[in-house]
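Each chain, written out:
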Amino acid sequence: MTTTPTSTPDPLHFPPRFAWGVATASYQIEGAPSEDGRGASIWDTFSHTPGRVRGGDTGDVACDHYHRLDADLDLIHSLGVNAYRFSVSWPRVQPSGRGPANPAGLDFYSRLVDGLLTRGITPWLTLYHWDLPQALQDQGGWPSRDTAHAFGDYAAVVAGALGDRVKHFITINEPWCAAFLGYGIGIHAPGHTDLAQSYAAAHHLLVGHGLAVQAVRAHAPGAQVGITLNLYEGYPATDTPQDRAATRRQDGFQNRWYLDPVYGRGYPQDMVELIGDASPQAQGLVLPGDVDLMGVPTDFLGVNMYSRTVVEDAPGEGFLHSRAVRPEGSEYTGFGWEVAPQSLTDLMLRLQRDYDPPAIYITENGATYPDTVEADGSVHDAERTRYFQSHLGAIEDALTGGAKVRGYFAWSLMDNFEWAEGYDKRFGIVHVDFATQARTLKQSGRWYRDFLARTRQTVGV
Ligand code: IFM
């Protein structure tokens, strides 16, 4: 069982100039799906397909952020953060995924960036957080190499337009989700269920990452660029060789398949063999130069962390012959994800030891709970507050152990469209009443704001 640190994190234990932020993503908050020339994305199509998203929810309105930009910027500012992570909707900028930029689409992000800078907040821009232009999906989507090239061109457009002011770029958010959930098991857009397609998609997402890093370097000189991976540290259910081997396979599937290529090592051979015919190698998709392209040097590693995986050997179960188990006696969030802050420390130390990134940023961390809303709309989310405290405590421990953690972004600024779960799962530190769009700071948001105020007093962010 993992222990949950109960002490309050100490601002003094974080380095100066630490990035303290909140994070969001375009499709999850913006709404305005066809305004100002925006094209359709795979998530518009998917969410409008009956049976795909809980309750038939769509991102058509979401948090209506597109129309409430200034008020939301004031809200972000009121938290006292010094960084804000958002994503650009590719089909707002290039409605069909290619060709000249749509000026109105770019203008929205230009105003967002200016609004942040005016308020003293550093913009962290994610180029791809899953809203692929539908037109590109119609031409094959991520399983097609052309999409990686289109992504590189799009990255050049965005970096060229905003790179004079944006100095932190994240290429791709969670390629594992985009590839496996989207093309492998079909619970995310575009809803395909084909393991080979998912590995083709994963390969082209990583190639696209490499092309986007090059584009950012060319068009936004001096900017820092990295990728965000969703990583879960694995632990064997028992200390048997079988469970340890199963944990290693799970780690290969979730973590090493992305980390190894991003750090220039190509794909892990044990996994290439296990994936067999579905691997990009067996499909003939790994071209000369790809290993270098996927491993083009980056300035930081973005890590999204929510939980850990406890694994047991399960011969015959899936291609990994393993299954995740639910340890008894642990705490779980509303998604059924185990609260495992110690695993964040372990993960940070392991990343530093095995890959030695120049800097690590926690680009997402947070929890969903069935929030109880008081008559005045306020939310006393003590569990979420404890979740943040324990995970910041885990980062303190990782820093003490030598991990170069340089920033933390709480997921999420506000309740939003949680993909296949629609509006049922709330991750915000700000509560959103989706009927009125009223925003109310939750207890966790107040705690984070007060913690950041102490941080400013002590280390002067
Ligand atoms: O809401 C998502 C986010 O878009 C990507 N990372 C995980 C979050 C919670 O599921």
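All figures in this text were calculated on a predicted structure; none of them were measured in a lab.

Let's talk about the site of the ligand
Then comes step 1: By nearness alone, every residue bordering the ligand is listed as Gln28, His129, Trp130, Asn173, Glu174, Tyr306, Trp337, Glu364, Trp411, Glu418, Trp419 and Phe427.
Then comes step 2: With respect to the ligand, the side chain of His129 contributes an N or O atom lying 2.8 Å from an oxygen atom.
Then comes step 3: Trp411 is positioned such that a nitrogen or oxygen atom in its side chain is 3.3 Å from an oxygen atom of the ligand.
Then comes step 4: Protein burial of the ligand: of its 290 Å² of free accessible surface, 95% is covered by the chains.
Then comes step 5: Here the ligand is seated within the largest pocket.

Remarks on the layout of surface pockets
Space left empty within the atom packing is revealed by a probe, the size of a water molecule, rolled over the atoms.
Then comes step 1: Taken as a whole, the largest pocket encloses approximately 1,100 Å³ of empty space.
Then comes step 2: What lines the largest pocket is a set of 44 residues, and nearest its centre among them are Trp176, Leu181, Tyr232, Gln254 and Trp337.
Then comes step 3: Of all the elements in the fold, those that place two or more residues in the lining of the largest pocket are helix H8 (175-184), helix H10 (241-262), strand E8 (309-313) and strand E9 (322-325).
Then comes step 4: A volume near 160 Å³ is recorded for the second largest pocket.

Here's the deal with the UniProt feature "active site" (unreviewed entry) in the chain
Then comes step 1: The feature "active site" (unreviewed entry), as annotated in UniProt, sits at Glu174 and Glu364 in this numbering. Across 191 residues of sequence, these annotated residues stay compact in space, with a maximum C-alpha separation of 10.5 Å. Lining the largest pocket, from the residues just named, are Glu174 and Glu364.
Then comes step 2: Relative to the assigned elements, Glu174 resides in the loop between strand E4 (168-173) and H8.
Then comes step 3: For Glu174, a relative accessible area of 6% puts it in the buried group.
Then comes step 4: In this view, Glu174 contacts Trp130, Thr228, Asn230, Asn304 and Glu364; residues no more than four positions away in its chain are not counted.

What to know about the packing of aromatic side chains
Then comes step 1: Evaluated as defined, the whole model comprises 49 aromatic pairs.
Then comes step 2: Here the aromatic rings of Phe151 and Tyr154 are separated by 5.9 Å at their centres, their planes lie at 40 degrees, and the arrangement is tilted. Separated by 3 residues within a single helix, Phe151 and Tyr154 lie in helix H7 (residues 145-162), roughly one turn from each other. The burial state of Phe151 is the same as that of Tyr154; both residues are buried.
Then comes step 3: A cation over a ring is seen here: Arg308 above Tyr235, with NZ or CZ 5.0 Å from the ring centre.
Then comes step 4: Above the ring of Tyr332, the side-chain terminus of Arg326 is found at 3.8 Å from the ring centroid.

About the thresholds
- Residues numbered from 1 in each chain as written.
- Predicted model: local features only at pLDDT ≥ 70, side-chain atom pairs only at ≥ 80, totals over all residues.
- Heavy atoms only, no water.
- Near = heavy atom within 4 Å.
- Polar contact = N/O pair within 3.5 Å; in protein donor to acceptor, adjacent residues only side chain to side chain.
- Areas by Shrake-Rupley, 256 points an atom, 1.4 Å probe, with all protein chains shown as cover.
- 1 Å grid on protein atoms, 1.4 Å probe; cavity = no way out; pocket = protein on both sides within 12 Å on 5 of 7 lines; lining within 4 Å.
- Sits in = over half its atoms within 2 Å of the grid points.
- Points joined across faces, edges and corners; volume = space filled by probe spheres on them.
- Helix = DSSP H or I, 4+ residues; strand = E, 2+ residues; numbered from the N terminus.
- UniProt positions renumbered as here; feature names shortened; annotations may be inferred.
- Buried < 20%, exposed > 50% of the residue type's maximum accessible area, 1.4 Å probe, protein only.
- Contact = heavy atoms within 4.5 Å.
- Phe/Tyr/Trp six-rings, centres within 6.5 Å; stacked < 30°, edge-to-face > 60°.
- Lys NZ or Arg CZ within 6 Å of the ring centre and 35° of its normal.

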